[in-house]
Each structure stands twice: as structure tokens, then as C-alpha cells.
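Structure assessment
This is what each chain is made of:
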Amino acid sequence: MTTPTVDKTAIRNAATVIVVRNRTTRPSVLMGQRGASAAFMPNKFVFPGGAVDADDAKVPLARPLTPLCSARLSESAPAGMARALAAAAVRELWEETGQILGVPAPWPGDVPEDWLSFAGTGHRPAADGLQFVFRAITPPGRPRRFDARFFLLDAEGLASDPDDFAAATDELSHLQWIPLDEVRHFDLPFITEVVMAEIAARVQDNAPPASVPFFRNNDEESLFLRLRGTPMKD
């Protein structure tokens, strides 16, 4: 059997998780540094996240996304993508930081291979604490391209110790909580700086945003739009 070749320049759906703690005092976000040899954003400090896997859409969520977030995620997206993105967000958070977003519960049926370690914690993924706040497509010409959806998550929703990264893989190093007022001293990707400004403006507001910013890049143009809204004004 020959393993199918993956086109790594094709746009892949992805989920990114912005975990925030101490929202009403001195807010901090959980970030880590990508390796120097990484093909995508080497050495940059980023939020945990990554591409949707084929099995993510099949994962039994213990708690679904809120209807509003699900509706916005479904806009300009394939059917079922909202649920797959939510699962991917939980899985990537676990893999890259060792943090658990879930509830204690047994898994019905077989557990997908990529989810075995998460299921081994005795939890099933919960998506109700994920708040969809930003969407961005990687510009053309990059070695990897993603259609990334950014989720905001309050650290109080974690089922794990927010300072324990022992279960994390080695994909991100220097995992740490960075105060929002210090984060610009770190080496950040451009889009992360844009998202950070959006988060800083609404970090103390628990309500979902009135509309979700969408940084859409294609071969013809780059546009800032808003899902459930109109193009952004200067």
C-alpha cells in the first residue's frame, strides 16, 4: 500500500485556542515557542493549535459548542466543520500543553488513535467553553496555509492544573502564561499580534462578540471582513 501524498501547500482547516486567566485583574494568555526547524512560523511564540484531523469530526463531544458559535463557524464552511473544529481545538490544546478541556466520562465505542492519550485521562472533550472570536487564512506563498479559527477560553473551564505542562508534547517549548501587557515583547507572528489586539479589547467581556473578524487572504486580495456583519471600517 502506498501512503497518499499530502499537499502541504493546500489550505487546511485549523483551530487555535487562546486560554486566558485572571481576566478581571491582570489577564494572561497561554503561549509557547515553535522550534527553530519548524516549517511554519519557526521560533515564533504562538497559541496552541493545529490542523483538523479526519477523525475529529467523529469525536463524541460531552458538551457541544454554543448555538451562536456553531452558527458562525458554519458560515462559509463545509457541513459539519464547526464540530470538527471544536474537537480539534480540544485535541491540540491537550497535545501541545497537556491541558484538559473536558468532563469525566467514558467514551462510547472505539477511540480514534489521535485521541487515545486524551481519552486515557478519563475525560471526554467539552466545547461549550470555547468562544469563536477570530478567523484568518494564511496568505499565499507560505510553506503551510491554514484557515484558522481562533477560540477564546477562560482557564477556569480547564479540568487540569493550568500550571502543569508535564503531559505536553515537545511541539511547543517555553510554555508559559504571558501577561497581555507584556506579550508584545515576545517574537509574535503578524496575525497573532492582530488577534492579540482583538483579545485585549474584549478580555473582560464574557459575552460573545457582536461579529467575528475574518482576515481573508487569497490570490487576488487580502480583506478584513466580519462574520455576521459588514466589512471592517478604518
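For the structure itself, look to the data block above.
These remarks concern the structure in this document. (Residues numbered from 1 in each chain as written. Predicted model: local features only at pLDDT ≥ 70, side-chain atom pairs only at ≥ 80, totals over all residues. Heavy atoms only, no water.)

We now examine the overall build of the chain. Looking only at helices and strands, the chain has 4 helices and 11 strands in total. A burial count over the chain gives 50% of its 234 residues as buried. Sequence-distant contacts in the chain: of pairs separated by 6 or more residues, those separated by 24 or more amount to 68%. Within the structure as shown, the chain displays about 11400 Å² of accessible surface, and the carbon and sulfur contribution to it stands at 51%. (Helix = DSSP H or I, 4+ residues; strand = E, 2+ residues; numbered from the N terminus. Buried < 20%, exposed > 50% of the residue type's maximum accessible area, 1.4 Å probe, protein only. Contact = heavy atoms within 4.5 Å. Areas by Shrake-Rupley, 256 points an atom, 1.4 Å probe, with all protein chains shown as cover.)

Turning next to the environment of K58. Following the sequence through the fold, K58 ends up in the loop between β4 (49-51) and α1 (67-74). Take K58: its relative accessible area is 60%, and that puts it in the exposed class. Expressed as a C-alpha distance, the spacing of K58 and V111, which sit 53 residues apart in the sequence, is 9.6 Å.

Turning next to the packing of aromatic side chains. Across all of its chains, the model carries 7 aromatic pairs by this definition. Taken together, a centroid distance of 5.9 Å and an interplanar angle of 50° make the contact between W107 and W115 tilted. By the ring-pair criterion, three or more aromatic residues cluster together here, those being W94, W107, W115 and F118. Its end group placed over the ring of W177, R21 keeps NZ or CZ at 4.6 Å from the ring centre. Here the guanidinium or amino end of R135 rests over the ring plane of F214, the centre of that ring lying 4.4 Å away. (Phe/Tyr/Trp six-rings, centres within 6.5 Å; stacked < 30°, edge-to-face > 60°. Lys NZ or Arg CZ within 6 Å of the ring centre and 35° of its normal.)

A few words on the nonpolar core. Counting 36 residues, the largest nonpolar core has V19, L65, L130, F151 and L153 as the members making the most contacts within it. Only β1 (11-21), α1, α2 (81-97), α3 (116-119) and β8 (145-154) provide two or more residues apiece to this core. Element by element, the count of residues in this core is highest for α2, at 11 residues. In terms of nonpolar packing, the next biggest core, distinct from the first, is built from 26 residues, A51, A136, I178 and M196 among them. (Core = buried A, V, L, I, M, F, W, Y, C linked by side-chain atoms within 4.5 Å.)

Here N22, not a glycine, exhibits a phi torsion of approximately 55°, which is positive. With respect to the helices and strands, the residue N22 is situated in the loop between β1 and β2 (28-34). Since its relative accessible area comes to 43%, N22 is described here as partly exposed. A positive phi angle is found at H174, which is not glycine, with a value near 50°. Structurally, H174 can be placed in strand β9 (residues 172-179). For H174, a relative accessible area of 52% puts it in the exposed group.

Between its first and last C-alpha, helix α4 (residues 190-202) extends 19 Å over 13 residues, near the 18 Å set by a 1.5 Å rise per residue. Within α4 the residues assigned to the buried category are I191, T192, V194, V195, M196, E198, I199 and R202. (Expected span 1.5 Å × (residues − 1).)

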